[in-house]
Amino acid sequence: MKKKVLSAFIVIMLVLQSFSFNTMTVFSKAGEFEAAPISGLTGFNGLKTVVNSKGVAAAINNSGAIAVCDNLSAASWRFITNEKDIVLRDIIVSNDEFIAVGELDDKRAALVMQSKDGIHWSEKTIDYFRFFTICETNGEFFLTGRNNISEYCMFKTKDFKTYTKLIFPDKALVKKYAPETLDSNHLMNDEAFFWPINMTYFNGSYVVSGYVPHTPYELEGIILTSSDLKTWKVGATSDLCMSNIVQGKDRLIVYGSNAESAYLSDSGALGGGSGAKYPTSMYITTDGKKFTKCNIEFNTGAGGFSKITYCNGIFFGIGYKTLGTSPDGIKWSKEDSEVNWQFAGYGNGQYCAIGTKTNGQGEIAIAQSSDGKRWESLGYNGDITQLNVAGEAIYSSGYFLSSGGTSVSKDLINWKSNIGAQNESYVFSLFDGSRYIAVSRQRVLSSGDGEKWEVKADFGSRKDPFSQEVELQSIEFSGGTYILYGLKWGNGWELYAWISNDLMNWDARKINVSGIENTNSSLNGAVITVSGNKALLVYADQSADTAIVASAEDFINFNTVLNVREKGIWFNKPVCINGKWLFSSRSMYAEKVNDMLYISGDLVNFKKVALPVKSVSNIVEYKEYYAIVSNNTGDNKITLTKDFKKFESFKFPLSEPDPNLFKSGLNAFDARDNNRAFVIGDTFFVLGGKVFYTNNFKDWKTLQGLPPNNYLTASSGGKTAVVGGVGIMAIVK
């Protein structure tokens, strides 16, 4: 497309270009796009949830999965998953049809998905673009997007077949608002400066909100207006990104949030002092042409509104430590509290707000009000999922949902969902011969069928799962005895074992290792495996460039059997297969050096074998082979060997874990204490951002029915298996 260079007038001309989508695919082939019931404990990490007039809810996450619920009273969801690498960013409902937008990542193509029932979806793509948001106004759909050279733009369409691309020429904007010189982080072209974010039609005017980047750290918010989508005027400017639009009965508010700035200032990350004021950037118009700034101010500890909705005739705003209501968007009744409010809505005669208390304990806070002025705090039961984005609290068919979440409530107090809380990360699992056992950082769960799970032990407060005095790392089983290994806070972090015969009553024992004082985090990074009556511990002290291997016959008291001196050495978790103890080592500093494998049959004599691969994460038994799984960046392999002399390697796909799950505090590729491969019959499975399987190590498929995740652990029970990750513990049959 040739760029248009226009003169810098106050009136900005708009370039229009029409085209059609390249392809259209209806997902109907078996195994390509399926709806599957949720089995077990399943997290979703949702981004946005919408409900149509029939009471059917659809939630998206930006990893490409969709959760659908057609029975809100049961809060029963099922997943729509896809073989393709899809990123979803927004979803709306139009005439009871669901429309989701994003990108087909492997092809770098913009994506539109549509469904009448939430189960069967069609796909349309356009190459070299990606879509961010979608809205419907004045009988047309408007989509914001970006091409592959970071030029931002907006599209309009009526039928999702033919599109008009609205390119905002920036010569006028650049001359008036951008600096004369830009650094290397900016694109010097006609289309790169104004970045549209939102659009609506009000009182005969189209209103577009967005911003112009000045530097990587400074920007200027812009409001543009037009009556015909051809001639545009600047309605207002701001020192904040003008990202949101909310429409009332006779007026429109365009606003940008500084809630994050207030949050950072409150935590000491920004200057300003306790007496600083942070005005929100809110502009009001009653005619769609002239905008008046609303000079509402917030204390440092109470940030600007991150979300404003219009419900029951008034504007309702929420943000960090504050919520407020206004009949006109100018005069606000504010209520400050120690809560980061994240969802706001109205239903069943009540305004409601949902958020997280700012005391660092992760506690959910819920408040309701009949008039928007006098607020009542409510307790709650159950898990409320997904409170990390600001959005609306949806009320439909007599039930409340949080946009982005999947928990459902009729009274704002009792919440339920068959999708688990996303902050529970299952780091290890095993099959003891009759049931599956799963371990999170603080809890032990069991299941006889991999679908219904029961908490057997809880080693920490549920208020803050990421700040505890106990951090469980693995569980072992031997002769009717369960052994948990992990860290316990004492004189610093200390390595501990917890021993039980029933999974409920645990005896805590401090680990003893000959020659090492177990105190002040001295054994952080040690991993232990149990087989029969023996336990093997491997530990590398990188600060001293030494590593030890130690064994124990009581699971507690370890004697060193091997010392290794090597710069940057790193040990993986041992395994015992057919009486052979195996564990690999890698060099953290020699990038071109492959891993080494240590082999022992008696834990006295160790044989060292050079492997043909790097970054080994697992060794599992497959038929008559040892299967070595390695996750070297860009070179993921399964290596088969019978005798550790001859090796045959096969590449396998690895979908990176959902980046939004890294808040779990887990390194996606640190597999030393996890089991990321398993076998059912002749089928071999590996874990990553998705679960892949093969019968010949050449043709790989994606396991359907599971959303993209950070899959951390798997255990096979013979004919079935379980896989676990961030908020998920599910059965594989």
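See the structure printed just above.
My aim in this report is to walk through the structure given alongside it, one point at a time. Model, not experiment: these values are computed from the prediction.

**Side note on the overall build of the protein**
Then comes step 1: Across its full length, the protein holds 2 helices and 65 strands.
Then comes step 2: Here the protein holds 733 residues, and the buried ones make up 58% of them.
Then comes step 3: Sequence-distant contacts in the protein: of pairs separated by 6 or more residues, those separated by 24 or more amount to 48%.
Then comes step 4: Split by element, the accessible area of the protein, about 30400 Å² in all, is 46% carbon and sulfur.

**Digging into the side chain of Asn-52**
Then comes step 1: Along the chain, Asn-52 turns up in the loop between β5 (48-51) and β6 (57-60).
Then comes step 2: Within the structure, Asn-52 has its side chain in polar contact with the backbone nitrogen of Lys-54 (distance 3.0 Å).
Then comes step 3: In this structure the side chain of Asn-52 is engaged in a polar contact, spanning 3.5 Å, whose partner is the backbone oxygen of Asp-96.
Then comes step 4: Apart from residues no more than four positions distant in its own chain, Asn-52 is found in contact with Val-93, Asp-96, Phe-98 and Ser-396.

**Quick notes on unusual backbone geometry**
Then comes step 1: Unusually for a residue other than glycine, Leu-503 sits at a positive phi of about 70 degrees.
Then comes step 2: Judged by relative accessible area, which is 0%, Leu-503 ranks as buried.
Then comes step 3: In this structure, Ser-615 is a non-glycine residue whose phi angle is positive, near 60 degrees.
Then comes step 4: Structurally, the position occupied by Ser-615 is in the loop between β54 (607-610) and β55 (616-622).
Then comes step 5: A relative accessible area of 17% means that Ser-615 is categorised as buried.

**A look at the sheet that holds strand β48 (residues 546-552)**
Then comes step 1: In spatial order, the strands read β45-β49-β48-β47-β46; together these 5 strands make up an open sheet with mixed pairing. Each edge of the open sheet is held by one strand with a lone partner, namely β45 (512-513) and β46 (527-531).
Then comes step 2: Two elements, strand β47 (residues 534-541) and β48, share 7 bridges in a ladder whose sense is antiparallel. Across the sheet, residue Ala-535 finds its bridge partner in β48, namely Ala-552.

Conventions adopted
Throughout, a residue's number is its position along its own chain's written sequence, starting from 1. Owing to the predicted nature of the model, reporting of local features is limited to residues with pLDDT of at least 70; listing and counting of side-chain atom pairs is limited to 80 or more, with chain, interface and lining totals taken over all residues. To obtain the side-chain values, all non-hydrogen atoms of the structure were included, while hydrogens and water were left out. Put simply, DSSP H or I for four residues or longer makes a helix, DSSP E for two residues or longer makes a strand, and each gets a number counted from the N terminus. Relative accessibility thresholds used throughout: buried, under 20% of the residue-type maximum; exposed, over 50%; partly exposed, between the two (1.4 Å probe, protein chains only). Should any heavy atoms of two residues lie within 4.5 Å, those residues are considered in contact. Only the protein chains shown count as cover for residues, with accessible areas throughout obtained via the Shrake-Rupley method and a probe of 1.4 Å. Between N or O atoms, a polar contact is any pair within 3.5 Å; within protein, one atom must be a potential hydrogen donor and the other a potential acceptor, and residues adjacent in sequence are included only when both atoms are from side chains. Here, strands pair whenever DSSP counts at least two bridges between them.

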